[in-house]
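# Survey of secondary and tertiary structure
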Amino acid sequence: GMVSNWTKIPPPLFKKVVIVLIDALRDDFVFGSKGKQFMPYTTQVVERGTSYSFIAEAKPPTVTMPRIKALMTGSIPGFIDVIVNLNSPALLDDNLIWQAKTAGKRIIFYGDDTWVKLFPKHFVEYDGTTSFFVSDFTEVDDNVTRHLDRVLKREDWDLLILHYLGLDHIGHMTGPNSPLVGPKLREMDNVLKKIHISLLSKEEASLPNLLVVCGDHGMSETGSHGGSSEGEVHTPLLFISSAFEKRIGPLTQPKLVQQTDLASTLAVGLGLPISRNSVGNLILPVVGGKTMREQLRFVHLNGFQLSRLLQENTPAYEKDPGYEHFKIAEKSHGNWIKLYLEGNNSEILLNLGKKVLKQYLEALKILSSSLSKQVAQYDMYSMMVGTVIIMEVLLLLLLSFPKALSSRAEFEVPLSPPLFSLLFYLMCLMLCAVHVIVCTSAESLCYFCSMSWLTAVGVMMLISALMCGILSAIAKIFENSRLPLKNPVVSSSRWSEINVLILSGTIGHVLSLGASSFIEEEHQTWYFLINTLCLALCQELCRNNFLLKEYDPQHGTTVKQNFDSIGEASECKNIDIPAGGNSKLGKASSSAEFIQGSDKWISLASPWIILICCRLLRSLNQTGVQWAHRPDFGHWLTSSEHKSELSFLAAVSLLMIFFLVQRRCSLVSKIAMALGLLGVYSYRAAIGNVVFPWQHDTKDISKGITEARFVYVFVLGIVFTGTKDLLKSQVISADSSVKSTGLWEVYSGLVLLAALLFRPHNLPVLVFCLLIQTMMTKYIWRPLKFDAAQITIMHYWFGQAFFYFQGNSNGIATVDVSAGFVGLESYVEIPAIFLTAFATYAGPLLWAIHLLCYLSSEVNRDSAAVGHGCFCYALMRSIPVAIYIVLVTGLRYHLFIWSVFSPKLLYEGVHVFITATICLFFTAMDQNHSHKVQD
């Protein structure tokens, strides 16, 4: 009967518990110089008071919802929670809040409404504030504090949770070194002082109260979070109670604990069962004041819970070193109990107790780390089904390459019914049989098995149809290869350096995705590729202008043959090479005559100018992981003492944007563009980023909602004008000039939107983007007469490089959340998601739309050019994504799967969605050509 008593829940150690969670509270905000300066009361409690302080390490992804889950369940949430973070569903896992409610404890909550969504009907009283409206620093916290005086006087609660968001919002908008951080920390210090004094005054002799201060995650040097840098994963964890001994002696560095340890520690403190899936360890100093027997009982409870979790997750659990250690400690514990019951109170008993405690702690540590590694249970069946579909689509795209890049730009998959109807039905039957076997034998819950049978059969039919399509395409290729070649000269065309670079660059980039360091520093790959491309273009221009001057007629055909294909598989003949010179400029057909006089030298200098632009952009934003902490020009500009320099740069950048964009706009759009760009500067001045020359004091800072909406009106106006022209060109007249003007105006509207959403120090990125596009159009692509496929791939490469020039990386921390709230008074989900996605992917998007503008405006091009561009763009996106999904599946147990590979997968997923939208737009714009082909 003695052993069964060990697993009974002991009585609570604390009467009332208050948890104050300060969002994005970094450890150095409390334990560093900022803490001493702005949080004097908290610092005094930490250094001299009855408290225990720790640094809690959070696991990535460091965003609010998964961190609340970790704090309350003690388990490690999956990476999909980053997406679910936008709209949190109710938490169904066993958790501290549910256990407290079941035990009859009354819980009050004020703060971030994520808690209300995660724990519906758990609180006797609550008031939720939205966490996504990041430009609100004050009201969001005042809404929490206004309830404090009333609640602290009352006796009708056991657990009070307060979640303050202001600090996180300041971080998102202005960074951790902002002058706004200090006053906010002081405000938090006063709140903690009020709560602590109130708890001390209400204490009874029987049970003390406990105040817990923690952060859900920290913030990076740019003020964002989501990644795994030290600033993002290290948060302070303070336990303050009169039950603890007063701290004496010199202050030591706080010990590192896991964030998941809080759930089991609070469960013991409140006299509740430890959450079933918790992988956390009991933080021993919190119960250190209790007798040895009680301490051993607490750690045994924790060990028993961890070993049971291990048994559920591991078939060979008995061989696990943590389990073996636990069993040894349990045996020693039994011997200690025997001695204790015999009434032996000597020094030997105490020393033996300490030894048993040490054994238990060692066992807990090993069990916890073993479970943390096993937490990721992968749904392999669903993953395999998804991977098969993606690989089939990629294979189909590759097999359709020759046909899609032919003069008709057809993308069709010939299915021969007599041959494949039987195969299709057989494959469907076989896959359905596999599905039934897997779903009936699988022990764990499978996402694909939980789908309705109709959906599952639809997926099986899709897989079968794709497979039949692939086999048809292969059969067609074999059939064509037996036929004699109509044009044997084409096969002898030699590869140009550009083609070799494009192919090797694509393969090299795809291979680099298998290494975590290459993913962390992917920007370096793209910077290297565009620099190499500029050098190759320089060589091509020199050859075009000097070496082949005397062989103009022949050179025309060499260029045609050189640029016939990208890969050997393509075999596409005469791809949209302009037939003669460019009619717009009225030049002769010879490419050497095309660039004359000063234009020739500008053309030769253009690759070098582009290289200089790219080098300047690299020093604007440090990105990646290894060197992200290094100071860059962007940090220098955004510091408060350089506001006038930033204002000057922003003003010059906006003027340059107007100058580069207006050249092809109608008069109405030019006026709208000028007013819109003026509105952009006014918006930034209103929120205090920049100043007008006549402004002296910056006291009157607003949210700039009126100014931002003023700009939105012009954005919509310009896009509407462009759309009207596009519809006119599609429906009424087949005039290509109307269509190209319409496309350019849509592009101009998007440039204006990007100017509004970009932070002021990032406006030069937009200027250089437009400048490089202008130079390449006039001085590189037109003179060298590249085909649509090559121009598409160059646009894609530059789009990828500009994604990183903006300051983005493959870590979630670099997403600028504040862009989603420009001009919004409150959080509105759809516009916020759209604006954030647009601001993040502005580089690739603007280059893709520019590609469409360029291919549509080139009147000499083959009518299939837009179709070629669309196909190549889709293919360039599909290859890395498909290969990466296979790599991630293989590397699912890699050490950096959550911190490096998973965030990259999220980025790739969103990028694929954006690419699909772009390709739909391309297809819609290509309708005109399809009518011509039909005619």
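Note: the structure precedes this text.
This section reports on the structure supplied with the text. (Residues numbered from 1 in each chain as written. Predicted model: local features only at pLDDT ≥ 70, side-chain atom pairs only at ≥ 80, totals over all residues. Heavy atoms only, no water.)

## Examining the overall build of the protein
Inclusion rule: Only DSSP runs of H or I with at least four residues qualify as helices, and only runs of E with at least two residues qualify as strands; both kinds are numbered from the N terminus onward. For the exposure calls, accessible area comes from a 1.4 Å probe over protein chains only, and a residue counts as buried if that area is under 20% of its type's maximum, exposed if over 50%, partly exposed in between. The contact definition used throughout considers only heavy atoms, calling two residues in contact when any of these lie within 4.5 Å. For accessible areas, the Shrake-Rupley method is used with a probe of radius 1.4 Å. Any residue's cover is judged against the shown protein chains and nothing else.
For the protein, the count of helices and strands is 39 helices and eight strands. When burial is assessed residue by residue, the protein has 55% of its 935 residues classed as buried. Sequence-distant contacts in the protein: of pairs separated by 6 or more residues, those separated by 24 or more amount to 78%. Element-wise, carbon and sulfur atoms account for 63% of the exposed surface of the protein, whose accessible area totals about 40,700 Å².

## Details of the side chain of Thr777
Following the sequence through the fold, Thr777 ends up in helix α33 (residues 763-784). Among the residues examined, Thr777 registers a relative accessible area of 11% and is labelled buried. Setting aside anything within four residues of it in sequence, one finds Thr777 in contact with Arg782, His850 and Tyr854.

## Focus on helix α21 (residues 453-482)
Put simply, the rule is: In a helix, the anticipated span is given by 1.5 Å times the number of residues less one.
Here α21 is 30 residues long and its end C-alpha atoms lie 44 Å apart, about the 44 Å a rise of 1.5 Å per residue gives. Of the residues making up α21, those classed as buried are Ala456, Val459, Met460, Ile463, Ser464, Leu466, Cys468, Gly469, Ile470, Ser472 and Ala473.

## Quick word on empty space enclosed by the protein
Test applied: In the cavity and pocket records, a cavity denotes points on a 1 Å grid over the protein atoms alone where a 1.4 Å probe fits but cannot get out, a pocket denotes an open set with protein on both sides within 12 Å along at least 5 of 7 lines, and lining residues are residues with an atom within 4 Å of a point. Grid points are joined across faces, edges and corners, and a volume is the space filled by probe spheres set on the points. Gly falls in the polar group here, along with every residue not listed as nonpolar (Ala, Val, Leu, Ile, Met, Phe, Trp, Tyr, Cys, Pro) or charged (Asp, Glu, Lys, Arg).
In total, this model carries nine cavities of 30 Å³ or more according to the counting rule given. In this structure, the second largest cavity encloses a volume near 70 Å³. Along the walls of the second largest cavity sit Gln800, Phe803, Tyr804, Asn810, Tyr841, Lys904, Tyr907, Glu908 and His911, which together make up its complete lining. Secondary structure elements with two or more residues in the lining of the second largest cavity: α34 (788-805) and α38 (897-925). Across the lining of the second largest cavity, the residue classes break down as four nonpolar, three polar and two charged.

## Some details on unusual backbone geometry
Phi at Ala24 is positive, roughly 65°, even though this residue is not glycine. Note that Ala24 resides in the loop between β1 (17-22) and α2 (27-31). Of the residues examined, Ala24 reaches a relative accessible area of 0% and is grouped as buried. Positive phi, normally seen in glycine, also occurs at Lys121, with a value near 65°. Within the fold, Lys121 resides in the loop between α8 (114-118) and β4 (125-129). When its relative accessible area of 76% is taken as the criterion, Lys121 is described as exposed.

## Topic: the packing of aromatic side chains
Note the following rule: Under the pairing criterion, centres of Phe, Tyr and Trp rings, with the six-membered ring standing for Trp, must be within 6.5 Å; the plane angle then separates stacked pairs below 30 degrees from edge-to-face pairs above 60, leaving the rest tilted.
Applying the stated criterion across every chain yields a total of 30 aromatic pairs. Aromatic pair Tyr527 and Phe805: ring centres 4.8 Å apart, planes at 10°, arrangement stacked. Residue Tyr527 is located in helix α24 (residues 522-547), and its partner Phe805 is located in helix α34; the two are separated by 278 residues in the primary sequence. Residue Tyr527 is classed as buried on the basis of its relative accessible area, which comes to 4%. Each ring, one from Trp781 and one from Tyr854, has its centre 5.4 Å from the other, and the planes form 55°; the classification is tilted. Residue Trp781 is located in helix α33, and its partner Tyr854 is located in helix α36 (residues 842-857); the two are separated by 73 residues in the primary sequence. For Trp781, a relative accessible area of 0% puts it in the buried group. Assessed through its relative accessible area of 2%, Tyr854 is described here as buried. Linked through ring pairs, Phe109, Trp115, Phe119, Phe123 and Tyr126 together constitute an aromatic cluster.

## Considering the nonpolar core
In summary, soluble globular proteins display a tendency toward joint burial of nonpolar side chains. Going by this rule: Residues enter a nonpolar core if they are buried and are Ala, Val, Leu, Ile, Met, Phe, Trp, Tyr or Cys, with the set joined through side-chain atoms within 4.5 Å.
In terms of nonpolar packing, the biggest core is built from 112 residues, with Ile657, Trp797 and Phe798 touching the most fellow members. Non-local contacts of Ile657, meaning those with residues more than four positions away in its chain, are made with Met673, Leu677, Val751, Ala755, Leu763, Leu766, Val767 and Leu770. Ile76, Leu266, Ile283 and Leu309 belong to the second largest nonpolar core, which has 66 residues in total.

## Description of the environment of Asn143
Our working definition: Contacts described as polar in this section are N or O atom pairs within 3.5 Å, which, within protein, must combine one atom able to donate a hydrogen with one able to accept it, while residues neighboring in sequence count only if both atoms come from side chains.
Residue position: Asn143 is located in helix α9 (residues 139-145). For the pair Asn143 and Tyr164, spaced 21 residues apart in the sequence, the C-alpha separation amounts to 9.4 Å. Within polar-contact distance, the side chain of Asn143 engages the side chain of Arg146 at 3.3 Å.

## A closer look at the pattern of salt bridges
Side-chain pairs of opposite charge can arise whenever the charged atoms involved come near each other. Where we set the bar: Salt bridges are identified by distance alone: a Lys or Arg side-chain nitrogen within 4 Å of an Asp or Glu carboxyl oxygen.
One pass over the full model with this rule turns up 22 salt bridges. Where Glu221 meets Arg26, a salt bridge forms, and the shortest distance between an N and an O atom there is 3.3 Å. Residue Glu221 is located in the loop between β6 (210-214) and α13 (230-233), and its partner Arg26 is located in the loop between β1 and α2; the two are separated by 195 residues in the primary sequence. Its salt-bridge partner being Asp816, residue Arg759 comes within 2.9 Å of it at the nearest N-O pair. Of this pair, Arg759 sits in the loop between α32 (736-757) and α33 while Asp816 sits in the loop between α34 and α35 (829-840), and the two are 57 residues apart along the sequence. Note on Arg759: relative accessible area 21%, which makes it partly exposed. Several salt bridges converge on common partners, so that one network encompasses Glu125, Arg150, Arg154 and Asp156.

## Focus on the state of the cysteines
Test applied: When two cysteine sulfur atoms are found within 2.5 Å, that pair is recorded as a disulfide.
Per the stated rule, a full pass over the model turns up one disulfide. Note on cysteine connectivity: Cys439 is disulfide-linked to Cys449, with sulfurs 2.0 Å apart. The sign of the -85° torsion about the S-S bond sets the Cys439-Cys449 disulfide as left-handed. With Cys439 in helix α20 (residues 417-441) and Cys449 in the loop between α20 and α21, this pair connects stretches of sequence that are ten residues apart. On the basis of relative accessibility, which here comes to 24%, the residue Cys449 falls in the partly exposed class. Cysteine Cys853 remains unbridged, with the sulfur of Cys665 as its closest cysteine sulfur at 9.9 Å.

## A closer look at helix α27 (residues 598-618)
Note the following rule: To get the bend at a given residue, fit one axis to the seven residues ending there, fit another to the seven starting there, and take the angle between those axes.
Here α27 is 21 residues long and its end C-alpha atoms lie 30 Å apart, about the 30 Å a rise of 1.5 Å per residue gives. Helix geometry: α27 is bent most strongly at Ala605, by close to 40°, with proline Pro607 lying one to four residues after it. Three or more residues of α27 are buried, namely Lys600, Ser603, Leu604, Ser606, Pro607, Ile610, Leu611, Cys613, Cys614 and Leu617.

## What to know about the pairing of strand β7 (residues 234-240)
Basically, it comes down to this: At least two bridges found by DSSP between two strands are what make those strands a pair.
Of all seven residues making up β7, seven are buried, and the element is well covered by its neighbours. Residues His234, Pro236, Leu238 and Ile240 point to one face of β7 and Thr235, Leu237 and Phe239 to the other, with burial holding for every one of them. Bridge count between strand β2 (residues 51-57) and β7: seven bridges; the pairing is antiparallel. Within β7, the residue paired with Tyr52 across the bridge is Phe239.

## Notes on the packing of helix α18 (residues 380-399) against helix α37 (residues 865-890)
We apply this condition: Here the axes come from fitting lines to C-alpha atoms, over the contacting stretch only for helices, and the angles between their N-to-C directions go from 0 to 180 degrees. When describing relative orientation, an angle under 35 degrees is termed roughly parallel and one over 145 degrees roughly antiparallel, while 65 to 115 degrees is termed roughly perpendicular and anything else oblique. Less than a right angle of anticlockwise turn of the near helix away from the far helix marks a crossing as left-handed, whereas a clockwise turn marks it as right-handed.
Relative orientation of the contacting elements α18 and α37 amounts to 150°, with a least axis distance of 9 Å. Comparing the axis directions of α18 and α37 gives the class roughly antiparallel. By crossing handedness, the relation of α18 to α37 is classed as left-handed. Within the contact between the two elements, α18 uses Met380, Met383, Thr387, Ile390, Met391, Leu394, Leu397 and Leu398 and α37 uses Phe871, Leu875, Ser878, Ile879, Ala882, Ile885, Val886 and Thr889.

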